[in-house]
Amino acid sequence: MGRAVRWLKGLFGIKKDKEVKDPAADGRRGHQERRRAGGLCNNPATIPPNISAAEAAWLRSFFAEGCEEERSKHAIAVAAATAAAADAAVAAAQAAAAVVRLTSRGRGTVLGGGGGGGHERWAAVKIQANFRGYLARKALKALRGLVKLQAVVRGYLVRKQATAAFHCMQSLFRAQATVRSRRGRAALTVPEVCAAAGPGRANPRFLVEIEETTQQPGGVHYLQTKLIFDILKREYEVASAFKGVRFLKEIFRNMKVLIVLDDVERGSLLKEFIGAKLDWFGPGSRIIVTSKESRVLKGLVARGLAHAYDVNPMDDNLAFNFFWQYAAGESDKVRAYVEIAIEIVKAAKGLPLLLKVYGSFLHGKGLEEWIKFKDLIQQFQEDYQKILSIIYDALDQNQKQMYLDIACFTPDVDFRIASCMWHRYDCPNDEIKVLRHMSLIQMEETKVGMHSMLRCLAREIIRKAFHDPGTGVGLCIPAIAQDTNKGKKGTDHLNTEEAGFEILPNTTFLSLGLANIGGQFADALLNVRWLHWQGCPRDAISIHLEKNENLVILDLSWSKVTESWGGWKRIKMERLRVLNLSGCADLLVTPSFSCCPNLDILILERCSRLVHLDPSINDLKLLFTLNLKFCTELSMLPVEMGGMDALEELLIDGTSIRELPESIGKLVQLQILSATNCFSLVLVPASVCELKALRVLALDDAKILELPSQLEI
């Protein structure tokens, strides 16, 4: 009867009365559980009072983590118990059904004679069906709860693991950045810097044409990097003007330096190089600033931090000797020439540039030319632009073209790049020699530039050619545009007139800066050979150069282009020889280079987020310069590099490259391999010994433990 009573109570939902708890038993049970709990650390209420606050806090956090783990285990245990209960319920239902069948058979036999056996059997079957349905529903509900509980527990564990992994990755990234920063600073500690600078004051450092350079995107970064390199004789990445300022303040504070800043027209620029209080450099340092504007140093002079001096012209004797050095060299001073020279020197007012250009122009000319030139100087007196234009008119057509082109190039442009502009000339090097001999341009190593006064002359000639095309007959007039975001249609090349922007059909050099142009100029761009568009929008030019088949130099440095930029496929680059993508921070992967098979120079310097080079770079058979300097996220070179047969210069300074590929030994023409400040570089393959043409191997501050034994140093 006990089983039947319990079964009927369970069928009709009658709950069993709660048992009376025995306090003594509960006490014994609690004592046993506390003994099993493991004591002090698992109960924050029992933390000893004699420990420190930090230790108590650690114990509480540890207990909280343990409780959380125990709750997870308890949830899983509850899920397992629920599943076991469901299985037990199903077994009990099956057993109850068997009992009902047996009972039904017995009672049916006894009552069968009375005629009531059919109703009893029907009642038993009904009860059995209802009970089975109830058990089935209960089991299904239990299974559903179990599945949900398992999903919740698994989701919680997955989220916990993902959060922990994410925090670990963040910590790892921060640690890597800190290590890189410390390595860079360790390589440039103050004692080493001072030792590198030598005793006393460091050699003079010149930053020329600051005003012109800072007008270009990234100009301040470039000048800060140049100043750091000139003083330390090692490269350092200046990712922003702010970081450059911080580096200058920290490293040079104890150094005695002599720095010359040339052509500073805005006082705000001084803050980027020497600071507002002139306290970035050590005691005894001297900073010389040249400017045509006296207001540049007005604030520093008022505070007693600087002194202003007017530059006096050369005295007559010094000016004469300087002029004669360029006009006649070491030849004897013939009286007739000396008298004319004295008149020319007086007309030049002791200005060194004029003395140099006048003397170079008269070098090797006869007495009649000297007299004629003296008369022209006396006629125009102080109209120096007119006199210089006469010297310009003495150039031939190719020399004039090269002079105007150089005036529009960025200061100190690489001559190897500029020479691609004049590849149609028979002997461009000879023309450059003439311009150098006449002191119209300046060259230092591979850099070419000119004095700001001569640049102004060239741009005035360009301006006249725009407004009066007849003055520039036979010349391909360069064009320089400025930003047009102020609601104007455009500006002319010098940004001096608020007129509509115009590109002449024979324009070969086009510099757009941050400007943008419409599709109506597509036909005018047919002859452009050098497009200099720093800060170019992502898709701005993809529709303007589709018809151009003459493009040889494409400079998109400091722009927003990416590997998916439409121009890579739509612009015709079969003749492209120079591609400059310096400072393109949005470039993660290089585009395919199959569109420009004739590339000579590839510049990817300071692409700070670049992580991968397209394998098609190995197909550039004519490439002789590959510049990857300060691509800080680039950790590996292409596995196969042997296809670049003409490569002479490989620059990977400041990258995160870990090892050089074995195929580097196939670069038989390689002369310069520079890997300074590669803090992750640990391996140089033995194939480097096969580079017979290698002249320079720079591995300063790399972490290489051992060089190949066959390498001859």
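Residues numbered from 1 in each chain as written. Predicted model: local features only at pLDDT ≥ 70, side-chain atom pairs only at ≥ 80, totals over all residues. Heavy atoms only, no water.

This next bit is on the overall build of the protein. The number of helices and strands found in the protein is 19 helices and 16 strands. Counting every position in the protein, which comprises 713 residues, the buried fraction comes to 41%. Intrachain contacts of the protein at a sequence separation of at least 6 include 56% that bridge at least 24 residues. Entry remark: accessible area of the protein is about 39,700 Å², with carbon and sulfur atoms responsible for 55%. (Helix = DSSP H or I, 4+ residues; strand = E, 2+ residues; numbered from the N terminus. Buried < 20%, exposed > 50% of the residue type's maximum accessible area, 1.4 Å probe, protein only. Contact = heavy atoms within 4.5 Å. Areas by Shrake-Rupley, 256 points an atom, 1.4 Å probe, with all protein chains shown as cover.)

To continue, consider the packing of aromatic side chains. Ring pairs (aromatic) are described by centroid distance and by the angle formed between their planes. Enumeration according to the criterion identifies 13 aromatic pairs in this entry. When the ring of F323 is compared with that of W370, the centres are 6.1 Å apart and the planes differ by 80 degrees; the resulting orientation is edge-to-face. Here W370 lies in helix α13 (residues 367–380) and F323 lies in helix α10 (residues 316–327), a separation of 47 residues in the sequence. Residue classification places W370 among the buried positions, given a relative accessible area of 2%. Residues F509 and W530 carry aromatic rings whose centres are separated by 5.3 Å and whose planes lie at 80 degrees to one another, so their mutual orientation is edge-to-face. Residue F509 is found in strand β8 (residues 509–511), and its partner W530 is found in strand β9 (residues 530–532); the two are separated by 21 residues along the sequence. (Phe/Tyr/Trp six-rings, centres within 6.5 Å; stacked < 30°, edge-to-face > 60°.)

For the structure shown, the criterion picks out 11 salt bridges. Where E649 meets R416, a salt bridge forms, and the shortest distance between an N and an O atom there is 3.3 Å. Note that E649 is positioned in strand β14 (residues 649–651) and R416 in helix α16 (residues 415–418), a separation of 233 residues in sequence. On the basis of relative accessibility, which here comes to 14%, the residue E649 falls in the buried class. (Salt bridge = Lys/Arg side-chain N within 4 Å of Asp/Glu carboxyl O.)

Counting all residues, the mean pLDDT for the protein is 75, and 67% of those residues have values of 70 or more. Here residues 31–45 is a poorly scored stretch, pLDDT under 50, and it has 11 contacts once near neighbours within four places are set aside; other chains count. Across residues 104–115 the pLDDT falls below 50, and counting only partners more than four positions away or on other chains, this stretch makes eight contacts in the model. (pLDDT = per-residue confidence, 0-100.)

Bringing the side chain of S674 into the picture now. Take S674: it is sitting in strand β15 (residues 672–674). Here S674 falls in the buried class, since its relative accessible area comes to 12%. What S674 contacts, discounting residues up to four positions off in sequence, is L650, L651, I652, D653 and A698.

Right, let's talk about the nonpolar core for a bit. Ranked by internal contacts, the top residues of the largest apolar core, which has 65 residues, are F323, Y358, F373, Y403, F409, W422 and W530. For this core, the element with the highest residue contribution is helix α12 (residues 352–362), accounting for seven residues. The contact partners of Y403, leaving out residues within four places of it in the chain, are Y392, L395, L435, L440, M450, L454, L457 and A458. Core analysis: the next-biggest nonpolar cluster, separate from the first, contains 59 residues, L525, V561, W565 and L647 among them. (Core = buried A, V, L, I, M, F, W, Y, C linked by side-chain atoms within 4.5 Å.)

Pairing is parallel in the open sheet, where three strands are placed in the order β1-β2-β3. Looking at strand neighbours, the two that pair on one side only are β1 (205–207) and β3 (286–289), the edges of this open sheet. Across the sheet, the mean angle from the axis of one strand to that of its neighbour is 15 degrees, orientation sign disregarded. Where β1 and strand β2 (residues 258–261) come together, three bridges link them in parallel fashion. Each bridged residue has a counterpart across the sheet, and for R205 the counterpart in β2 is I259. The sheet strands contacting helix α7 (residues 219–232) are β1 and β2, and the helix crosses β1 at an angle near 165 degrees. (Pairing = 2+ DSSP bridges. Axes fitted to C-alpha atoms, helices over the stretch in contact; angles between N-to-C directions.)

Glancing now at the packing of helix α15 (residues 397–408) against helix α17 (residues 428–437). For any two helices packed against each other, the geometry comes down to the angle between their axes and how far apart the axes lie. Two elements in contact, α15 and α17, have axes whose closest approach is 10 Å; the angle formed by their N-to-C orientations is 75 degrees. One finds that α15 runs roughly perpendicular with respect to α17. Between α15 and α17, the residues in contact are N398, Q399, M402, Y403 and I406 and P428, E431, I432, V434 and L435, respectively. Looking at the contact of α15 with α17 residue by residue, the classes come out as seven nonpolar, two polar and one charged. (Parallel < 35°, antiparallel > 145°, perpendicular 65-115°, else oblique. Nonpolar A, V, L, I, M, F, W, Y, C, P; charged D, E, K, R; others polar.)

Within α17, the full set of buried residues consists of P428, E431, I432 and L435. Down the axis of α17, the buried set is contained in an arc of 100 degrees. They therefore lie on one face. If you follow the buried residues of α17, they end up packed against α15, α16 and β5 (442–444). Immediately beyond the C-terminal end of α17, within one or two residues, lies S439, with a positive phi of roughly 60 degrees. (Arc of directions from axis to C-beta.)

Bringing the sheet that holds strand β4 (residues 413–414) into the picture now. Strand order in the open sheet made by the three strands is β4-β6-β5, with antiparallel pairing throughout. Because the sheet does not close on itself, it has two edges, and the strands there are β4 and β5. Two elements, β5 and strand β6 (residues 447–449), share three bridges in a ladder whose sense is antiparallel. Within β6, the residue paired with E444 across the bridge is K447.

What follows is about the environment of K249. Among the secondary structure elements, K249 is positioned in helix α8 (residues 241–251). Taking the C-alpha atoms as reference points, K249 and F281, separated by 32 residues in sequence, lie 7.3 Å from one another.

Our focus in this paragraph is the pairing of β2. Looking at chain direction, β2 and β3 are connected through four bridges and run parallel. When the bridges of β3 are listed, L261 appears paired with V289.

Here the focus is the environment of I387. Relative to the helices and strands, I387 is located in helix α14 (residues 384–393). Judged by relative accessible area, which is 2%, I387 ranks as buried. Residues I387 and Y358, 29 residues apart in the sequence, show an inter-C-alpha distance of 9.2 Å. Contacts of I387, omitting those with residues within four sequence positions, involve Y358, F373, I377, F380 and Q381.

With their axes 11 Å apart at the nearest point, α12 and α14 run at an angle of 30 degrees to one another. Comparing their axes, α14 and α12 come out roughly parallel. α12 and α14 meet at a crossing whose hand is left-handed. On α14, the residues touching L354, V357, Y358 and F361 of α12 are Y384, I387, L388 and I391. Here the contact of α12 with α14 is built from residues that sort into eight nonpolar, no polar and no charged. (Left-handed = near helix turned anticlockwise from the far one by under 90°.)

Next up on the list: the environment of V688. Examined against the element boundaries, V688 turns out to sit in the loop between β15 and β16 (696–698). For the pair V688 and P708, spaced 20 residues apart in sequence, the C-alpha to C-alpha distance is 8.2 Å. If near-sequence neighbours (up to four positions away) are discounted, V688 is found in contact with I664, L694 and L711.

Okay, unusual backbone geometry next. Positive phi values are uncommon outside glycine, yet S439 reaches one of about 60 degrees. Relative to the helices and strands, S439 resides in the loop between α17 and β5. Of note, E445 is a non-glycine position whose phi angle comes to about 55 degrees, a positive value. Considering the arrangement of structural elements, one finds E445 in the loop between β5 and β6.

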